[in-house]
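Chain by chain, the residues run as shown.
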Amino acid sequence: PRLLSQFFFADERVTRVVAEINGLDAELDPQQYLVLLNQLHLSQAHLLAVLERIMEECIPTQRHSRDYLIKFPEELLVDNLGNHMLFAAECLLAGTFLEMEESDGAQLRPQARNLLCSLELVRTVLREQSLSQPNSYPEPVRAVLIQFDRLFAEFELSYVSSLVAVKSPDEIYRQQEIIVLFCETVERALHLGYLTQEMIDGYEPLLMFTIPRLAIISGLLIYPEGPLSLERSPEEMSRVFSPFYNLLKKIRDLLRVLSAEELCLLERSLCTAE
């Protein structure tokens, strides 16, 4: 159950697979080479997962901030992102510039080198600690973990920023406005009896359609200064809604001619229609 013991065996597995790859002629046995590469990918992912748990246990209040992750596109926020970063660093150090311009890769190589050197130091220190005192984390161990955590975060941000357009502070704020709008929409719908708390607690599938529909009405009529404000230009709106700017104007104009009773009837129908 001790994390340092788990790290020792995870590290042993990575070392063993790397040795097998180095001793194999990929041209003579390409199938076995692919098998070993997959094993290396899995063993490295397991090693990083154990290392993450060790850092949470050893330096929980000294972790480098990961607030920058909110800037990343949602499709990049996957469980194996850390393992992909390690693979990218190895490729950069080997002179292989995957998915990016050579000039960008050259600029990232020093960071990749520092990260991989730090990881090797962490592996050495933790192996020695696991063999001597597997129940404690003395200051030298904590220091190398803090350094690795910082270098990993810095490389992750730099690498992803070189590949995709990370969200600007304005876009992040606009997304937060949408979250607030949806929360206020749900609160209003509960108050008016359009929805029930049981539907929300039970993850009623119909809510995936109902809440966005009600949010559009709320954003256009109830909270007109929020993220659906049509006083802004399309460029100033969130990318979620900006492509539908003209359609939203037509919907707003139609909603404005409804009486309170007609609006209530419309909203109730949106809660039941599929």
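Criteria and cut-off values
Residues numbered from 1 in each chain as written. Predicted model: local features only at pLDDT ≥ 70, side-chain atom pairs only at ≥ 80, totals over all residues. Heavy atoms only, no water. Helix = DSSP H or I, 4+ residues; strand = E, 2+ residues; numbered from the N terminus. Contact = heavy atoms within 4.5 Å. Areas by Shrake-Rupley, 256 points an atom, 1.4 Å probe, with all protein chains shown as cover. Axes fitted to C-alpha atoms, helices over the stretch in contact; angles between N-to-C directions. Left-handed = near helix turned anticlockwise from the far one by under 90°. Nonpolar A, V, L, I, M, F, W, Y, C, P; charged D, E, K, R; others polar. Salt bridge = Lys/Arg side-chain N within 4 Å of Asp/Glu carboxyl O. Buried < 20%, exposed > 50% of the residue type's maximum accessible area, 1.4 Å probe, protein only. Parallel < 35°, antiparallel > 145°, perpendicular 65-115°, else oblique. Expected span 1.5 Å × (residues − 1).

Novice: What is the right way to read the overall build of the protein from this model?
Specialist: Looking only at helices and strands, the protein features 10 helices and zero strands. Helices (α) and strands (β) of the protein occur, in sequence order from the N terminus, as α-α-α-α-α-α-α-α-α-α. Considering only C-alpha atoms, the protein reaches an extent of 75 × 45 × 40 Å along its principal axes. Excluding contacts between residues fewer than 6 apart, the proportion of contacts in the protein whose partners are at least 24 apart in sequence is 71%. As displayed, the protein offers around 16,000 Å² of accessible surface, 57% of which is attributable to carbon and sulfur atoms.

Novice: I tried to follow the packing of helix H2 (residues 30-58) against helix H3 (residues 81-93) on my own but got confused; where do I start?
Specialist: Any two packed helices are characterised by the angle at which their axes cross and by the distance between the axes. Packing of H2 against H3 brings their axes to within 9 Å, and their N-to-C directions diverge by 115°. For the crossing formed where H2 meets H3, the hand is right-handed. Each of His41, Gln44, Ala45 and Leu48 in H2 lies in contact with H3, whose residues at this interface are Gly82, Asn83, Leu86 and Glu90. Grouping the constituent residues of the contact of H2 with H3 by class yields three nonpolar, four polar and one charged.

Novice: Can you help me understand the pattern of salt bridges in this one?
Specialist: This model, assessed by the stated rule, comprises 13 salt bridges. The salt bridge involving aspartate 149 is made with arginine 66; its shortest N-O contact spans 2.8 Å. Here the residue aspartate 149 occupies a position in helix H5 (residues 139-163), and arginine 66 occupies one in the loop between H2 and H3, the gap between them amounting to 83 residues. Residue aspartate 149 is classed as buried on the basis of its relative accessible area, which comes to 0%. A salt bridge links arginine 123 to glutamate 120; the shortest N-O distance between them is 3.3 Å. Here the residue arginine 123 and the residue glutamate 120 both occupy positions in helix H4 (residues 102-132), the gap between them amounting to three residues, near one helical turn. By relative accessible area, glutamate 120 is classed as partly exposed at 42%.

Novice: How should I be thinking about the packing of helix H6 (residues 169-192) against helix H8 (residues 207-222) in this particular structure?
Specialist: Remark: H6 packs on H8, axes separated minimally by 9 Å, with the N-to-C direction vectors making an angle of 100°. Between H6 and H8, the crossing angle belongs to the class labelled roughly perpendicular. For the pair H6 and H8, contact is made by Leu181, Phe182, Thr185, Val186, Arg188 and Ala189 and by Ile211, Pro212, Leu214, Ala215, Ser218, Gly219 and Ile222, respectively.

Novice: Explanation requested: the side chain of serine 238 in the structure shown.
Specialist: Checked against the element boundaries, serine 238 lands in the loop between H8 and helix H9 (245-256). Residue serine 238 is classed as buried on the basis of its relative accessible area of 1%. Serine 238 has contacts with Glu171, Arg174 and Ile178, leaving out every residue within four places of it along the chain.

Novice: Just checking my understanding: could you explain unusual backbone geometry for this structure?
Specialist: Excluding glycine, residues mostly have negative phi values, and the peptide bonds linking residues are mostly trans. Phi at tyrosine 203 takes a positive value of approximately 50°, unusual for a residue other than glycine. Positionally, tyrosine 203 belongs in the loop between helix H7 (197-201) and H8.

Novice: What am I meant to see in H6 here?
Specialist: The periodicity of an α-helix, 3.6 residues per turn, causes residues three or four positions apart to be oriented the same way. For H6, spanning 24 residues, the distance from its first C-alpha to its last is 35 Å, which sits close to the expected 34 Å at 1.5 Å a residue. Within H6 the residues assigned to the buried category are Glu171, Ile172, Arg174, Glu177, Ile178, Leu181, Thr185, Val186, Arg188 and Ala189. For H6, the secondary structure elements touched by its buried residues are H7, H8 and helix H10 (260-270). Just downstream of H6, glycine 193 is the residue with a positive phi angle, here 85°.

Novice: Looking at this structure, how should I read the environment of leucine 126?
Specialist: With respect to the helices and strands, the residue leucine 126 is situated in helix H4. Sequence-wise, leucine 126 and serine 238 are 112 residues apart; in three dimensions their C-alpha atoms are separated by 46 Å. Ignoring anything within four residues of it in the chain, the contact list for leucine 126 reads Leu4, Phe7, Leu51, Ile54, Val141 and Leu145.

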